[in-house]
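# Commentary on secondary and tertiary structure
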Amino acid sequence: MVRDSRAAALAVLALLAGVWAASQAFVAPSARIGTAAGRVQSAVALNSGSGEYTGFVPDMQRRVLMNLIVVAVCAVPALVVLGGYAFYCTVADFFPKLGGGGGGASPVGDINGAAVPLKKWVAGHKDNDRELVQGLKGDAYYLISTPDGIKDFAINATCTHLGCVVPWVRSANKFCCPCHGSQYDENGKVVRGPAPLSLALAHTSVLESGDIAVAPWPEQDFRTGLDPWWS
């Protein structure tokens, strides 16, 4: 975080130096004004009698105004970008990251988004029942009931073919996609295409409040022995 802060500070200093250098390109240095003013005035005086056009020379106030406009146009968007970078690299690190699938357990929600207590779930479901809840990032997940609770994993209901929600068909003991006929076994492993991959997994747990929660599954897929494609 310290390195990011130093990098942001150096970037701001570099920007200000660049803006200052750009502004100096529009204004002659004071030392040069003193030595060159007489030459310009004398040149104008010499040519005024002959009727020749000597060129337009803007006054100092107009040049200052032009410099201010250039500095504002260049500095404002650059400072906004650098300010956003500094915020996310420094200030944002002091605030805790909230749930939503970033790494910790997130409470699941029912059809109305309300928390789902384990006791209430057990009372309303039989062994091997599967029902959808709102899980990580708001995606639909299946919880799998056991005689006294739930299994330690939840199954994402999104088909890996084209993203349809896959229903559980109890009579076939499979998840069967109604869109293109893909099928998955009781644990969400693909057994029939065109879906190329098994359904994603998530860990389940029970919070101190008694509510059911899910967390990301970063380790090996126990159904296939492969690294998880969804991480």
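What counts, and at which threshold
Residues numbered from 1 in each chain as written. Predicted model: local features only at pLDDT ≥ 70, side-chain atom pairs only at ≥ 80, totals over all residues. Heavy atoms only, no water. Core = buried A, V, L, I, M, F, W, Y, C linked by side-chain atoms within 4.5 Å. Buried < 20%, exposed > 50% of the residue type's maximum accessible area, 1.4 Å probe, protein only. Helix = DSSP H or I, 4+ residues; strand = E, 2+ residues; numbered from the N terminus. Contact = heavy atoms within 4.5 Å. Pairing = 2+ DSSP bridges.

Further remarks concern the nonpolar core. In this structure, Tyr142, Phe153, Ile155, Cys159, Val166, Phe175 and Tyr184 are the most contacted members of the largest nonpolar core, which totals 16 residues. Among the secondary structure elements, those contributing two or more residues to this core are β3 (140-146) and β5 (153-156). With residues near it in sequence (within four places) discarded, Tyr184 still touches Cys159, Thr160, Val166, Lys174, Phe175, Lys189, Val190, Val191, Ala195, Leu197, Ser198 and Leu199.

A separate point is the sheet that holds strand β6 (residues 168-169). Pairing is antiparallel in the open sheet, where four strands are placed in the order β6-β7-β8-β9. Of all strands in the sheet, those bounded by a partner on one side alone are β6 and β9 (190-192). Two elements, β6 and strand β7 (residues 174-176), share two bridges in a ladder whose sense is antiparallel. Residue Val169 lies in a different strand from β7, and its bridge partner there is Lys174.

Right, let's talk about unusual backbone geometry for a bit. Residue Gly193 is joined to Pro194 through a cis peptide bond whose omega torsion reads 15 degrees. Structurally, the position occupied by Pro194 is in the loop between β9 and β10 (201-206). The phi torsion at Asn128 lies on the positive side, around 70 degrees, for a residue other than glycine. Residue position: Asn128 is located in the loop between α4 (118-124) and β2 (130-134). On the basis of relative accessibility, which here comes to 23%, the residue Asn128 falls in the partly exposed class. Even without being a glycine, Lys137 presents a positive backbone phi close to 55 degrees. With respect to the helices and strands, the residue Lys137 is situated in the loop between β2 and β3.

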